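# Commentary on secondary and tertiary structure
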Amino acid sequence: MAARFKVGAWLMPQHTSVERLRAAWREADLRGVDSIWLWDHFYPLTGEPDGTHFEGWTLLAAMAVETSRARVGVLVTDQDYRNPDLLADMARTVDHLSGGRLVLGLGAGWFERDYAEYGYEFRPGAERAEALEGYVERVKARLAKLNPPPLGEIPLLIGGDGKRVVLRTVARHADAWNTMAWRFEEGTRTLDEWCARLDRDPAEIERSCFLTAPEHLDQVDRLVAAGARHIIMQVGDPFDLGLVDRLLSLARESAA
């Protein structure tokens, strides 16, 4: 039976250990998820602010070689943490490590503590949003120059739902878009409007969203009806992949 939507597992690299993360992404891959994700932060987002935490892209390289089926990525990479040409090279390398399974997730950034602690300038939100398109263009330009190139076209996912700038950038450049489930319906309508303005076929952009709690599974039918084609469950340590299994079951149910 064909699945109604793709299923992702988003593993929070906070309040955990590398050993438990490795066990979780191997198990998620075995269970048949379509994608496995990490995030791009330097401190926990919930719980003890100074709890254990690990950097996303170095973890992603390990995930790339310890999984074999699912697409892998960072949901999403902050544009301000790495030079765009460097990020393109990192992405190409991880793409090779994964056998061509990387999804390159990019976003404007938002977590002020990361910026302050690591010495990055925290520009106003409008400035960060406006800068994203130029960043995306530089990443694409560098990917086209690398030798060897990626194993194939690396899908570009952009996260965020800013109506005026971010979704315009999604409409121009992205292969996929992601936002919070509770903001998906409004965001996807706005994205369609931008596609119409820019003469982009909206069907070319995979619509995705993420859930953060068990009760959010009740929203799945509504999200699919609104156009979600990839739904991602965020899980933390202890990594309850039972929630991912429930999402997989919903995905496999008949659309009828």
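Criteria and cut-off values
Residues numbered from 1 in each chain as written. Predicted model: local features only at pLDDT ≥ 70, side-chain atom pairs only at ≥ 80, totals over all residues. Heavy atoms only, no water. Phe/Tyr/Trp six-rings, centres within 6.5 Å; stacked < 30°, edge-to-face > 60°. Buried < 20%, exposed > 50% of the residue type's maximum accessible area, 1.4 Å probe, protein only. Lys NZ or Arg CZ within 6 Å of the ring centre and 35° of its normal. Helix = DSSP H or I, 4+ residues; strand = E, 2+ residues; numbered from the N terminus. Contact = heavy atoms within 4.5 Å. Polar contact = N/O pair within 3.5 Å; in protein donor to acceptor, adjacent residues only side chain to side chain. Pairing = 2+ DSSP bridges. Right-handed = clockwise from strand over helix to strand, strands pointing away. Arc of directions from axis to C-beta. UniProt positions renumbered as here; feature names shortened; annotations may be inferred.

In the annotation of an unreviewed UniProt entry, the protein chain is listed under the name Putative F420-dependent oxidoreductase and assigned to Sphaerisporangium siamense.

As a further point, take the packing of aromatic side chains. One pass over the full model with this rule turns up twelve aromatic pairs. When the centroid spacing of 5.3 Å and the interplanar angle of 50° are considered together, the rings of tryptophan 110 and phenylalanine 111 count as tilted. Residue class for tryptophan 110 comes out exposed when judged on its relative accessible area of 51%. Over the aromatic face of tyrosine 43 sits the side chain of arginine 113, whose NZ or CZ is 3.7 Å from the ring centroid. When the ring centre of tryptophan 194 is taken as reference, the NZ or CZ atom of arginine 197 above it lies at 4.4 Å.

As a further point, take the environment of arginine 200. With respect to the helices, strands and loops of the structure, arginine 200 is situated in the loop between helix H7 (184-198) and strand S8 (206-211). In this view, arginine 200 contacts Val170, Ala171, Arg172, His173, Ala174, Cys195 and Ile205; residues no more than four positions away in its chain are not counted. One polar contact links the side chain of arginine 200 to the main-chain carbonyl oxygen of alanine 174, over a distance of 2.8 Å.

Most of strand S7 (residues 176-180) is tucked away: four of the five residues are buried. Strand direction decides the pairing type here: strand S6 (residues 156-159) and S7, joined by three bridges, are parallel. When the sheet's bridge partners are listed, isoleucine 158 is paired in S7 with tryptophan 177. The β-α-β motif built from S6, the intervening helix H6 (residues 166-173) and the parallel element S7 has right-handed crossover chirality. What joins S7 to S8 is H7, and the crossover it makes is right-handed.

Right, let's get into the side chain of serine 35. Position of serine 35 among the secondary structure elements: in strand S2 (residues 35-38). In terms of polar contacts, serine 35 uses its side chain to reach the side chain of tryptophan 37, at 2.7 Å. For serine 35, the contacting residues outside a window of four places in its chain are Val7, Gly8, Ala9, Ala70, Arg71, His230 and Ile232.

Our focus in this paragraph is helix H2 (residues 56-66). Among all positions of H2, only Gly56, Trp57, Leu59, Leu60, Met63 and Ala64 are buried. Seen end-on, H2 carries its buried residues on one side only, within an arc spanning 145°. Turned more than 90 degrees away from the buried face of H2, the exposed residues are Thr58 and Val65. Buried residues along H2 sit in contact with helix H1 (18-30), S2, strand S3 (71-74), strand S4 (77-78), helix H3 (84-98) and strand S5 (102-107). For H2, the capping residue at the N-terminal end is glutamate 55, with a side-chain oxygen 3.0 Å from the backbone nitrogen of tryptophan 57.

Before going further, it helps to spend a moment on the UniProt feature "domain: Luciferase-like" (unreviewed entry) in the protein chain. Using the residue numbers shown here, the UniProt feature "domain: Luciferase-like" (unreviewed entry) corresponds to residues 4-212. Taken as a whole, residues 4-212 contains 43% helix and 18% strand, while its terminal C-alpha atoms sit 20 Å from one another.

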